[in-house]
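Chain residues, written in single-letter form:
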Amino acid sequence: MEATERYAALFRVLPGWFEANMRDLPWRRDREPYHVWLSEIMLQQTRVEAVKAYYVRFLAAVPDIPALAAADPELLHKLWEGLGYYSRVRNLQKAAQTVMTDHGGVFPRSWEAVRALPGIGDYTAGAICSICYDAPTPAVDGNVIRVLTRLTADGRCTDEPCVKRDLRQRLAGLYPAAGAGSLTQALMELGATVCVPNGEPRCVTCPAAGFCAAHAAGTWRSYPVRSEKRSRRTEDLTVLVLECEGALALRKRGAAGLLAGLWEFPNVPGYLEAQQALDLAASWGLRPRGVEKMLARTHVFTHVQWQMRCFYISCAVQAAGFVWADSAALEEGCALPTAFRMFRPEGEKTSG
Ligand code: SF4
């Protein structure tokens, strides 16, 4: 059986399977482009279960594109706090502003115009146009690649852009005149819930089991083929949680680089000993009283891993150069990324 025949067979069985098995997700209640776009951006690198509450909260605070374009960036960072990859929410706002200025406030319909918005790549443009407008624009992400390469025992390296492009083109040629949006979602759903990313695929419940090449040969482990992963570099960091009169010292990160524009606990590269940490706090004019405890934690980003050592230091003076935030301000006002949030005095008990 040729690959194209297997894809076509899959497209025949997917609508019925999806109808019976689709999960009830908050962003599936309508096809409003803002809703689909927001959910697709939130779902990048993030689990569905984690996204649900963020999605509902974000929409309640920022209900439409004009509100997103005009929102205070601090509010957006706060709403994104803990989701990670904060450039996503900055690009969301830039794109909303582009929609307001270049498209009269109406989300564009063509794949090219959607793809041209900040933060939207081939996959997201395909998903939005297909789900919202029923356009034959496949959305080929990791879930879909896994299904397709197993279905056809496709041994090409899927990190090659030309392979993704080829899969996209083959699928586009098979879309029926109607129902593209459901097919796109069904394919993603099959990859997320049946031909799963971690562990054994649930072939016994898969609608493609009867014509899946990898299932027939028992070779699902061989697909998709990936290139060798680049290793992640490690950086050591000393973090100081400086407390004075019930408030903690915060400062803002620079406008560029990792976690740009977000808040952080003061920190320095490398590992300090307790006395060195006290000396540093003293040099900032804080009159430190002593180290109360020390914690070690690791935080993993895509390309770097921070090995962090954190000292909790009680201080006598709220020196200038920092913003002093009590726990309410920390909860409601400042977007503190997870790498630092896990050191909050009340948060560190539950964070790993
Ligand atoms: S039969 Fe198994 S390996 Fe093939 S697509 Fe379905 S879940 Fe994946």
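Scroll up to find the structure this text is about.
The following paragraphs examine the structure supplied in this document. Here the structure is a predicted model, which means the values were calculated and not measured.

**Details of the side chain of aspartate 154**
And step 1. In this fold, aspartate 154 is placed in the loop between helix H9 (142–152) and helix H10 (161–172).
And step 2. Residue aspartate 154 is classed as buried on the basis of its relative accessible area of 9%.
And step 3. Only 2.8 Å separates the side chain of aspartate 154 from the side chain of arginine 156, close enough to count as a polar contact.

**Things to note about the packing of helix H2 (residues 33–43) against helix H6 (residues 87–102)**
Between two packed helices, what matters for the description is the angle formed by their axes and the separation of those axes.
And step 1. Where H2 meets H6, the axes come as close as 10 Å, and the angle between the chain directions of the two elements is 155 degrees. With respect to H6, the element H2 is oriented roughly antiparallel. When you trace H2 past H6, the crossing you get is right-handed. Residue-level contacts link Trp37, Leu38, Ile41, Met42 and Leu43 of H2 to Arg88, Leu92, Ala95 and Ala96 of H6.
And step 2. In terms of residue class, the contact of H2 with H6 is built from eight nonpolar, no polar and one charged.

**Quick notes on H10**
And step 1. When the terminal C-alpha atoms of H10 are compared, their 16 Å separation across 12 residues agrees well with the 16 Å that a helix rising 1.5 Å per residue should span.
And step 2. Those residues of H10 that sit buried are Val163, Leu167, Arg168 and Leu171. Looking straight down H10, one finds its buried side chains confined to an arc of 135 degrees; they lie on one side. With respect to the buried face of H10, the exposed residues turned more than 90 degrees away are Pro161 and Gln169.
And step 3. Those residues of H10 that are buried are in contact with helix H1 (3–21), helix H8 (122–133), H9 and helix H11 (180–193).

What counts as what
- Residues numbered from 1 in each chain as written.
- Predicted model: local features only at pLDDT ≥ 70, side-chain atom pairs only at ≥ 80, totals over all residues.
- Heavy atoms only, no water.
- Helix = DSSP H or I, 4+ residues; strand = E, 2+ residues; numbered from the N terminus.
- Buried < 20%, exposed > 50% of the residue type's maximum accessible area, 1.4 Å probe, protein only.
- Polar contact = N/O pair within 3.5 Å; in protein donor to acceptor, adjacent residues only side chain to side chain.
- Axes fitted to C-alpha atoms, helices over the stretch in contact; angles between N-to-C directions.
- Parallel < 35°, antiparallel > 145°, perpendicular 65-115°, else oblique.
- Left-handed = near helix turned anticlockwise from the far one by under 90°.
- Contact = heavy atoms within 4.5 Å.
- Nonpolar A, V, L, I, M, F, W, Y, C, P; charged D, E, K, R; others polar.
- Expected span 1.5 Å × (residues − 1).
- Arc of directions from axis to C-beta.

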